Amino acid sequence: MRKTVGILGICGILAGCGQVGLMPSVSPTASDGQTRPQSRPDAVQTGVRRPPTDARTVDEFDTTTAEERAAAAASGAASVERPLGTTVVSLGNPAQPGFWLETSLVSAPAKGRVLYPATDEFVQVDLIPIDGGGSRLSLPAMRLLGMSLTDLAEVQVFSDG
């Protein structure tokens, strides 16, 4: 009983400190008046078809067309691309459509290409910067590269210019 009263007393004191300005307040509103955290705007191209909310299979989540897959697998101008490095990828958000790679190898959004040495296949992607190690690859990109959706795979990443 004494422990419970003691814990409640400490909680009350801490709550009072926050009210009189002795402790920093934690608020979802930043000093610029915007609410935090904000949902990130789509990093992939706009106008892409989103999977249905009741999607359950890989085919239901992959909303890319045959033409989009062909364009993503088409050879790019290799003479202007720059190697960014190697990274281990896992499956990214399957509900986010398009061909993209979230990676710490870039500091700003860019166009690029991913090569999967195990199949010698590549795919053109939107490169999206993230913090931390490892990378996340879109479901359609993983399928074009011939990757298992449950494995961690090492890929090579190139930037267009």
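Each chain carries its own residue numbering, running from 1 in the written order of its sequence. Where totals are concerned, whole chains, interfaces and linings use all residues; where local detail is concerned, this predicted model gives features only for residues with pLDDT of at least 70, and gives and counts side-chain atom pairs only at 80 or more. Heavy atoms from the whole structure form the basis of all side-chain values; hydrogens and water molecules are not counted.

**Student:** Please explain the sheet that holds strand β4 (residues 121-129) as it appears in this structure.
**Tutor:** Sheets are built from strands paired through backbone hydrogen bonds, the pairs being either parallel or antiparallel. When DSSP locates at least two bridges between a pair of strands, those strands are taken to pair. Per the convention used, a helix needs a DSSP run of H or I reaching at least four residues, while a strand needs a run of E reaching at least two, with both numbered from the N terminus. With mixed pairing, 6 strands are arranged side by side around a closed barrel as β1-β5-β2-β4-β3-β6. Between one strand axis and the next, the sheet turns through 45 degrees on average, direction left out of account. Here 8 bridges tie strand β1 (residues 81-91) to strand β6 (residues 153-160), and the two strands are oriented antiparallel to one another. Bridge pairing links Gly85 to Val157 in β6. Axes, fitted as lines to C-alpha atoms, cover a helix only where it is in contact. Angles between the N-to-C directions of the axes lie from 0 to 180 degrees.

**Student:** It is not clear to me how the confidence of the model for the protein should be interpreted in this structure. Could you clarify?
**Tutor:** Atom-level detail of predicted coordinates should not be read off regions where pLDDT is low. Taken over all residues, the pLDDT of the protein has a mean of 77, while the share at 70 or more is 67%. Every residue gets a pLDDT, meaning the predictor's confidence in that residue, from 0 to 100. Per-element confidence in the protein ranges from a low mean pLDDT of 53 for helix α1 (residues 2-19) to a high of 98 for strand β2 (residues 100-103). Under a pLDDT of 50 for its full length, residues 20-28 has, in the predicted model, 7 contacts with residues more than four places off or in other chains. Every residue pair with non-hydrogen atoms within 4.5 Å of one another is taken to be in contact. A low-confidence stretch, residues 36-46 stays under pLDDT 50, and its non-local contacts, those more than four residues away or across chains, total 14 contacts.

**Student:** Just checking my understanding: could you explain the nonpolar core for this structure?
**Tutor:** What tends to happen in soluble globular proteins is that the nonpolar side chains get buried as a cluster. In these notes, a set of buried Ala, Val, Leu, Ile, Met, Phe, Trp, Tyr and Cys residues joined through side-chain atoms within 4.5 Å is what counts as a nonpolar core. Here's how the labels work: a residue is buried when its accessible area is under 20% of the maximum for its type, exposed when over 50%, partly exposed in between, all with a 1.4 Å probe on protein chains only. In this structure, Leu101, Val114, Val123, Val125, Leu137 and Met147 are the most contacted members of the largest nonpolar core, which totals 19 residues. Counting only elements with at least two residues in this core, the list comes to β1, β3 (110-116), β4, α4 (139-145) and β6. Contacts of Val123, omitting those with residues within four sequence positions, involve Ala72, Phe99, Gly112, Arg113, Val114, Ala141, Leu144 and Leu145.

**Student:** What exactly am I supposed to notice about unusual backbone geometry here?
**Tutor:** One can expect most non-glycine residues to show negative phi and most peptide bonds to be in trans. Of note in the backbone geometry, Asp120 takes a positive phi value of approximately 60 degrees without being a glycine. Its location among the elements puts Asp120 in the loop between β3 and β4. Classification of Asp120 as exposed rests on a relative accessible area of 59%.

**Student:** Can you walk me through the side chain of Thr103 in this structure?
**Tutor:** Checked against the element boundaries, Thr103 lands in strand β2. Residue Thr103 is classed as buried on the basis of its relative accessible area, which comes to 0%. For the purposes of these results, a polar contact is taken to be a pair of N or O atoms within 3.5 Å, where, inside protein, one atom must be able to donate a hydrogen and its partner to accept one; residues adjacent in sequence count only when each atom of the pair is a side-chain atom. A polar contact of 3.1 Å, which involves the side chain of Thr103, links it to the backbone nitrogen of Leu105. Among residues more than four places away in sequence, those in contact with Thr103 are Thr87, Ile128, Pro129, Ile130 and Ser135.

**Student:** Explain the side chain of Arg113 here, please?
**Tutor:** Topologically, Arg113 is positioned in strand β3. Of note is the side chain of Arg113, whose polar atom sits 2.7 Å from the side chain of Glu81.

**Student:** In this structure, what is going on with the environment of Glu154? I would like to understand it.
**Tutor:** Considering the arrangement of structural elements, one finds Glu154 in strand β6. Assessed through its relative accessible area of 53%, Glu154 is described here as exposed. Sequence separation between Glu154 and Thr86 is 68 residues; the distance between their C-alpha atoms is 6.7 Å.

**Student:** What is the right way to read the pattern of salt bridges from this model?
**Tutor:** Salt bridges are counted wherever a side-chain nitrogen of Lys or Arg sits within 4 Å of a carboxyl oxygen of Asp or Glu. Counted by the stated rule, this structure contains 3 salt bridges. Of the charged contacts in the structure, one is a salt bridge between Arg136 and Glu102, with a shortest N-O distance of 2.8 Å. Linking Arg136 in strand β5 (residues 135-137) with Glu102 in strand β2, this pair joins segments that are 34 residues apart in sequence. Residue classification places Arg136 among the partly exposed positions, given a relative accessible area of 36%. With its nearest N and O atoms 2.6 Å apart, the salt bridge here joins Lys111 to Asp126. A residue pair is termed long-range when its members are at least 10 positions apart, and Lys111 in strand β3 and Asp126 in strand β4 qualify at 15 residues.

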